[in-house]
Amino acid sequence: MLWTIISSFVLTLFACTYTAIHTNISNLEASPYHNLRRQLGIMMMVLITPELIVAWAIRQWLSARQITREFKKLGYPNIGPEAGSDSELPSAFGNSASHNLLHTSLVEEQDVEAPKQLFLRRFPRALARWAKRSIKACFSKHSEDYTWTEMHSFFVLMGGFMLYVDRKPYLTLRSDYILLLIRKKCIDVPDLTAEQIRDKSKGNAISKGLIILQVAWFVMQLITRVIYHLEITQLEVGTLAFAVLNFLTYAVWWNKPLNVRRPHPVYWKSTESRPEDYIEIDENNEFASWGYLAPLVGPCLELMGLPGIPTSRKLQVPTFDGSIESSDKLIPLCPGMFVATIFGAIHCMAWSFAFPSYQERVLWRIGTIAITSAPFIGVFVWFVWSPSYVQKPPHRFKILTYIIYIIYIALYTTARGILLVLMFTTLRRLPLDAYKAVSWTSLVPHL
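Residues numbered from 1 in each chain as written. Predicted model: local features only at pLDDT ≥ 70, side-chain atom pairs only at ≥ 80, totals over all residues. Heavy atoms only, no water.

Colleague: Explain the overall build of the protein chain to me, please; I cannot follow it from the model alone.
Modeller: For the protein chain, the count of helices and strands is 16 helices and three strands. Burial statistics for the protein chain: of 447 residues in total, 51% are counted as buried. Within the protein chain, contacts between residues separated by at least 24 positions form 81% of all contacts whose residues are at least 6 apart in sequence. In the structure as shown, the protein chain presents an accessible area of about 21,700 Å², 62% of it carried by carbon and sulfur atoms. (Helix = DSSP H or I, 4+ residues; strand = E, 2+ residues; numbered from the N terminus. Buried < 20%, exposed > 50% of the residue type's maximum accessible area, 1.4 Å probe, protein only. Contact = heavy atoms within 4.5 Å. Areas by Shrake-Rupley, 256 points an atom, 1.4 Å probe, with all protein chains shown as cover.)

Colleague: Honestly, the pattern of salt bridges in this entry has me stumped. Any pointers?
Modeller: Pairing between side chains of opposite charge can happen when their charged atoms approach one another. By the definition in use, this model includes seven salt bridges. Put simply, Asp176 and Arg174 hold a salt bridge, and the shortest N to O gap is 3.1 Å. Of the residues examined, Asp176 reaches a relative accessible area of 5% and is grouped as buried. Each of Asp166, Arg274 and Glu276 takes part in salt bridges that share partners, so that together they form one network. (Salt bridge = Lys/Arg side-chain N within 4 Å of Asp/Glu carboxyl O.)

Colleague: Please explain the sheet that holds strand S3 (residues 264-267) as it appears in this structure.
Modeller: A sheet is described by the order of its strands in space; here three strands give the open sequence S2-S1-S3, paired in mixed fashion. Of all strands in the sheet, those bounded by a partner on one side alone are strand S2 (168-172) and S3. For this sheet, the mean inter-axis angle between neighbouring strands, taken without regard to orientation, is 45 degrees. Across four bridges, strand S1 (residues 161-165) lies against S2 in antiparallel orientation. When the bridges of S2 are listed, Val165 appears paired with Lys168. (Pairing = 2+ DSSP bridges. Axes fitted to C-alpha atoms, helices over the stretch in contact; angles between N-to-C directions.)

Colleague: I keep staring at helix H7 (residues 150-157) and nothing clicks. Help me out?
Modeller: An α-helical turn contains 3.6 residues, so any two residues separated by three or four positions project in the same direction. Counting buried residues in H7 gives eight out of eight residues, a clear majority hidden from the surface. Those residues of H7 lying buried are Glu150, Met151, His152, Ser153, Phe154, Phe155, Val156 and Leu157. Within two residues after H7, Gly159 carries a phi angle of roughly 85 degrees, on the positive side.

Colleague: I'm lost on the environment of Lys200 in this one. Help?
Modeller: With respect to the helices and strands, Lys200 occurs in helix H9 (residues 194-200). A sequence separation of 61 residues divides Lys200 from Arg261, and the C-alpha atoms of the two residues are 8.3 Å apart.

Colleague: What should I look at first to understand unusual backbone geometry in this one?
Modeller: Residues apart from glycine generally show negative phi values, whereas peptide bonds are mostly found in trans. The backbone phi angle of Arg167 is positive, close to 65 degrees, even though this residue is not glycine. Position of Arg167 among the secondary structure elements: in the loop between S1 and S2. Residue Arg167 is classed as exposed on the basis of its relative accessible area of 75%. The phi dihedral of His229 falls on the positive side, at around 55 degrees, and the residue is not glycine.

Colleague: Sorry, what's going on with the packing of aromatic side chains here?
Modeller: Geometry of an aromatic ring pair is reported as the spacing of the ring centres plus the angle between the planes. This model, assessed by the stated rule, comprises 10 aromatic pairs. Ring plane angle 85 degrees and centroid distance 5.0 Å describe the contact between Tyr76 and Trp148, whose orientation is recorded as edge-to-face. Of the two residues, Tyr76 sits in the loop between helix H3 (50-73) and helix H4 (91-94) while Trp148 sits in the loop between helix H6 (115-138) and H7, which places them 72 residues apart along the sequence. For the pair Tyr76 and Trp148, one class covers both residues: buried. Three or more aromatic residues joined by ring pairs form one cluster here, namely Phe71, Tyr76, Trp148, Phe155 and Phe161. (Phe/Tyr/Trp six-rings, centres within 6.5 Å; stacked < 30°, edge-to-face > 60°.)

Colleague: Quick question: what am I supposed to make of a nonpolar patch on the surface here?
Modeller: A cluster of nonpolar residues, Ile223, Ile227, Tyr228 and Trp440, forms a patch on the protein surface that exposes about 440 Å² of accessible area. Relative to the elements of secondary structure, Trp440 occurs in the segment after helix H16 (395-425). (Patch = residues over 30% accessible without salt bridge, like charges linked within 9 Å, V, L, I, M, F, W, Y side chains within 5 Å.)

Colleague: Explanation requested: helix H8 (residues 175-183) in the structure shown.
Modeller: Burial of H8 is extensive: nine of the nine residues sit out of reach of the surface. Along H8, the positions that sit buried rather than exposed are Ser175, Asp176, Tyr177, Ile178, Leu179, Leu180, Leu181, Ile182 and Arg183. Lys185 sits one or two residues past H8 and shows a positive phi near 60 degrees.

Colleague: It is not clear to me how the side chain of His347 should be interpreted in this structure. Could you clarify?
Modeller: Within the element layout of this structure, His347 appears in helix H13 (residues 330-347). If sequence neighbours within four positions are ignored, His347 has contacts with Val237, Gly238, Ala241, Trp364, Thr368, Ile371, Arg416, Leu419 and Met423.

Colleague: Quick question: what am I supposed to make of the packing of H3 against helix H11 (residues 234-252) here?
Modeller: Relative placement of two packed helices is described by the angle separating their axes and the distance separating the axes. Here H3 crosses H11 at 15 degrees, and the two axes come no closer than 9 Å. It follows that H3 is roughly parallel to H11 by the angle criterion. With respect to the hand of their crossing, H3 and H11 are arranged in left-handed fashion. Residues Pro50, Glu51, Val54, Ala57, Ile58 and Trp61 of H3 form the contact with H11, whose own contacting residues are Phe242, Leu245, Leu248, Thr249 and Val252. Split by residue class, the contact of H3 with H11 holds nine nonpolar, one polar and one charged. (Parallel < 35°, antiparallel > 145°, perpendicular 65-115°, else oblique. Left-handed = near helix turned anticlockwise from the far one by under 90°. Nonpolar A, V, L, I, M, F, W, Y, C, P; charged D, E, K, R; others polar.)

Colleague: Explain the environment of Asn35 here, please?
Modeller: Position of Asn35 among the secondary structure elements: in helix H2 (residues 32-48). When sequence neighbours within four positions are dropped, the list of residues in contact with Asn35 reads Ser26 and Ala30.

Colleague: Whenever I open this one, the environment of Phe343 confuses me. Can you help?
Modeller: Secondary-structure assignment places Phe343 in helix H13. In this structure the C-alpha to C-alpha distance between Phe343 and Val244, which are 99 residues apart in sequence, comes to 8.1 Å. With near-sequence residues (within four places) excluded, Phe343 lies in contact with Pro50, Glu51, Ala241, Phe242, Leu245, Ile371 and Arg416.

Colleague: What is the right way to look at the pairing of S1 in this model?
Modeller: Each regular strand shows side chains that alternate between the opposite faces of the sheet. Among the five residues of S1, five are classified as buried, and the element is accordingly described as predominantly covered. The alternating pattern of S1 places Phe161, Leu163 and Val165 and Met162 and Tyr164 on opposite faces, both of which are buried. Note that S1 and S3 share four bridges and pair parallel. Looking at the pairing, Met162 lines up with Pro265 of S3. The hairpin formed by S1 and S2 contains two residues between the paired strands, and Asp166 there has a positive phi angle of roughly 55 degrees.

Structure, rendered in structure tokens:
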């Protein structure tokens, strides 16, 4: 029975840390060693901060929905090259500096509504509409037209369109860049259908369905153990937390291509101008000021979607971003708060479980309190980054902010590490009921 517990955890954790993560396209110039290190780094971030991964996925999904609406509103792919000036583009594309597509999507006609209430009200209904469309799409014939779909939006957000100048990769195209350059007759409309993007993906409905089946089986057998009043281990509780977040990740990333290696080329055709005549290209390293702490702090800041962190770089989008900047800082923060609270609350289920020692029980309770309250500490740090300080922050303010971030990340990482270790150390002395299994659950198909 102990091997069954461990094997269920390993399979479910593999589904949550490797197959469920739809990574952005890496740099074309990156070496295989760099790509391997990047993949291992992503898996480590999933183990340490799985709730931020879900928040990142939700942020991309909200961005993809807004981009899809804007492209359809403009009649893509039938966009006139000079149908109007740039000012006639929707406000979402009109100002690449503010880049506030997401804000426009969520607060239109409801500016007086609090962002958190707005997210909690709209997200469940939007998720239900997605499920209905996904089921309908499974039984409908896929067309080969060039209509812009949500899959196109995910593809562009993950760095799927690469601008080539003189047959060399020059710039990762954002959605607003594509519209601008089409209007300026600098590029042709990308001839890429949803089926062609789906063909680039390494996952489909069947492979994703098998992973969801394994996670669902684990949740089901855990529920049956509760019904039959059998003991549940701390390892199973921790796996349940990963499983719940895995469902959310798969739901919002269902239309995002999986493990795409190469972007789609878009060639510069203008002979009278250069890309920098229309697009401001910033190659500054925003994490350079962090020094040796950049590899640790950088991914966390990207996942949190902090202001000042770019959503796109020259030859790739950031590893943990690819969304649209919001002018309202609370909009991308709400998903992270909501998911992180759920993740920590699930660990609290083991509050009164049997532990091999009193010290381990205390450590578990401290760890669960730390990860559950972490979102609220993050909110405080977020509000410190007010617009008046982001532009030219005082030196003392920057030092204080860095110290807060370092302490915040260190405490949270320590708490997550303690919980992960306790999940396994508590297996050395389990109650007898923990070794019992509900026999009929083995008849349910699973991996």
